[in-house]
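# A structural walkthrough
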Amino acid sequence: MIATLLALLYVWVHARPLDSIEQRTLNPTYITDAVTQHLWLTSVSTVLVLVLALGGGILLTRPALRRLAPLVTGLANIGQAAPAIGLLVLLSLWWGIGFGTAVMGMVAYSVLPVLRNTIVGIQQVDAPVVDAARGLGMGSSAVLFRVELPLAVPVILAGIRTALVFNVGVGTLATFVNAGGLGDMIVNGIKLQRTPVLVTGAVLVASLALLIDWLGSVVEDRFRTR
């Protein structure tokens, strides 16, 4: 489906008479650079989300910190509840514009699904299973890594998949803090009133989101506990 969508886009663009501005934008070098920047933004922000949300979610399921889970989840919800463009503007006032600001905004917006699903996934493991593992002589670490996390993997991967798609979408707003990405094409198409540039940027973002979502589903099925 994605290949068909991109093929139709290619045929449509090349069937139109492009002016000099559209030709400077719709060339392989510019498009490749924009896609690469977008993937880099998405990759860096996703790695940070995994480090923060997976580690935090595991810690918040431990008895000593379990009472803090609602508070931390509520704080993470603030980042997603706020409009993404408003969040980026506020961050740019503190840290200036650039790649780092865009990444922090994307992390704040997409950390909730992974954090929440990590907590829920571990908490939904049946207590008798955990008790049986402890009865076999497993310590806390062994129970976590050999029982709880393997059984929580499907729920955790669903959260990661959602965060990835969020990052692809929010990454288009990185253009407003001078961080590049496919958002540059979309904004340029709107400002310059060049429909081919706008449509190309939008279709590439949609295709990238669909591709990452499909790859996430493949990984989720591959690592699902049998």
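Quick note: structure is the one above.
The paragraphs below set out a description of the structure included in this document.

## Description of the overall build of the protein chain
Across its full length, the protein chain carries ten helices and zero strands. Reading the protein chain from its N end, one meets helices and strands in the order α-α-α-α-α-α-α-α-α-α. The buried share of the protein chain, reckoned over its 226 residues, is 41%. Restricting the contact set of the protein chain to residue pairs at least 6 apart, pairs at least 24 apart contribute 77%. Once the 14 positive and 10 negative side-chain charges of the protein chain are each reduced to a mean point, those two points are 5 Å apart.

## Some thoughts on the side chain of serine 110
Relative to the assigned elements, serine 110 resides in helix H6 (residues 99–123). Among the polar contacts made by the side chain of serine 110, one reaches the main-chain carbonyl oxygen of methionine 106 at a distance of 2.7 Å. Reaching out from serine 110, the side chain makes a polar contact with the side chain of asparagine 167 at a distance of 3.0 Å. Setting aside anything within four residues of it in sequence, one finds serine 110 in contact with Val49, Ala163, Phe166 and Asn167.

## Notes on the environment of tryptophan 95
With respect to the secondary-structure elements, tryptophan 95 resides in helix H5 (residues 84–95). For tryptophan 95, a relative accessible area of 52% corresponds to the exposed category.

## Here we look at a nonpolar patch on the surface
Nonpolar side chains collect at one region of the surface, where Val47, Leu48, Val51, Leu52, Ile85, Val89, Leu90, Leu93, Trp94, Trp95, Met104 and Phe176 lie side by side and expose about 1200 Å² of accessible area between them. Those elements that provide at least two residues to the nonpolar patch are helix H3 (28–60) and H5. A per-element tally of the nonpolar patch places H5 first, with six residues. You can see methionine 104 is positioned in helix H6. You can call methionine 104 partly exposed: its relative accessible area is 35%.

## Some points on helix H8 (residues 140–170)
Relative to the 45 Å expected for 31 residues at 1.5 Å per residue, H8 spans just 38 Å between its end C-alpha atoms, considerably shorter than the ideal helical length. The sharpest bend along H8 comes to roughly 55°, located at valine 153, with the proline proline 154 sitting one to four residues further on.

## Brief notes about the environment of asparagine 27
Its location among the elements puts asparagine 27 in the loop between helix H2 (20–25) and H3. Separated by 14 residues in sequence, asparagine 27 and valine 13 have C-alpha atoms that sit 11 Å apart. At 3.1 Å, the side chain of asparagine 27 forms a polar contact with the backbone nitrogen of threonine 29.

## Some details on the packing of H6 against H8
At their nearest, the axes of H6 and H8 sit 7 Å apart, and the two run at 155° to each other. In terms of their interaxial angle, H6 and H8 are classed as roughly antiparallel. Crossing of H6 over H8 shows right-handed handedness. Considering only residue class, the contact of H6 with H8 consists of 15 nonpolar, seven polar and one charged.

## Digging into the pattern of salt bridges
Evaluated as defined, the whole model comprises three salt bridges. Arginine 194 is the partner of aspartate 19 in a salt bridge, and the nearest nitrogen-oxygen pair spans 2.8 Å. Placement of the pair is aspartate 19 in the loop between helix H1 (2–14) and H2 and arginine 194 in the loop between helix H9 (183–191) and helix H10 (195–222), with a sequence separation of 175 residues. Aspartate 19 sits in the partly exposed class, given a relative accessible area of 29%. The salt bridge involving glutamate 148 is made with arginine 62; its shortest N-O contact spans 3.2 Å. You can see glutamate 148 sitting in helix H8 and its partner arginine 62 sitting in the loop between H3 and helix H4 (69–81), a full 86 residues away along the chain.

## Here we look at the packing of aromatic side chains
Under the definition given, this model contains two aromatic pairs. For the ring pair tryptophan 40 and phenylalanine 99, a centre distance of 6.4 Å and an interplane angle of 25° mean the geometry is stacked. Separated by 59 residues along the polypeptide, tryptophan 40 in helix H3 and phenylalanine 99 in helix H6 bring together distant segments of the chain. The exposure class assigned to tryptophan 40 is exposed, which follows from its relative accessible area of 53%. Its relative accessible area of 32% is what places phenylalanine 99 among the partly exposed residues. Aromatic side chains tyrosine 109 and phenylalanine 166 sit 5.8 Å apart centroid to centroid with 65° between the ring planes, which places their arrangement in the edge-to-face category.

Thresholds applied
Residues numbered from 1 in each chain as written. Predicted model: local features only at pLDDT ≥ 70, side-chain atom pairs only at ≥ 80, totals over all residues. Heavy atoms only, no water. Helix = DSSP H or I, 4+ residues; strand = E, 2+ residues; numbered from the N terminus. Buried < 20%, exposed > 50% of the residue type's maximum accessible area, 1.4 Å probe, protein only. Contact = heavy atoms within 4.5 Å. Lys, Arg positive; Asp, Glu negative; His and termini not counted. Charge placed at Lys NZ, Arg CZ, Asp CG, Glu CD. Polar contact = N/O pair within 3.5 Å; in protein donor to acceptor, adjacent residues only side chain to side chain. Patch = residues over 30% accessible without salt bridge, like charges linked within 9 Å, V, L, I, M, F, W, Y side chains within 5 Å. Areas by Shrake-Rupley, 256 points an atom, 1.4 Å probe, with all protein chains shown as cover. Salt bridge = Lys/Arg side-chain N within 4 Å of Asp/Glu carboxyl O. Expected span 1.5 Å × (residues − 1). Bend = angle between axes of the 7 residues up to and from the residue. Axes fitted to C-alpha atoms, helices over the stretch in contact; angles between N-to-C directions. Parallel < 35°, antiparallel > 145°, perpendicular 65-115°, else oblique. Left-handed = near helix turned anticlockwise from the far one by under 90°. Nonpolar A, V, L, I, M, F, W, Y, C, P; charged D, E, K, R; others polar. Phe/Tyr/Trp six-rings, centres within 6.5 Å; stacked < 30°, edge-to-face > 60°.

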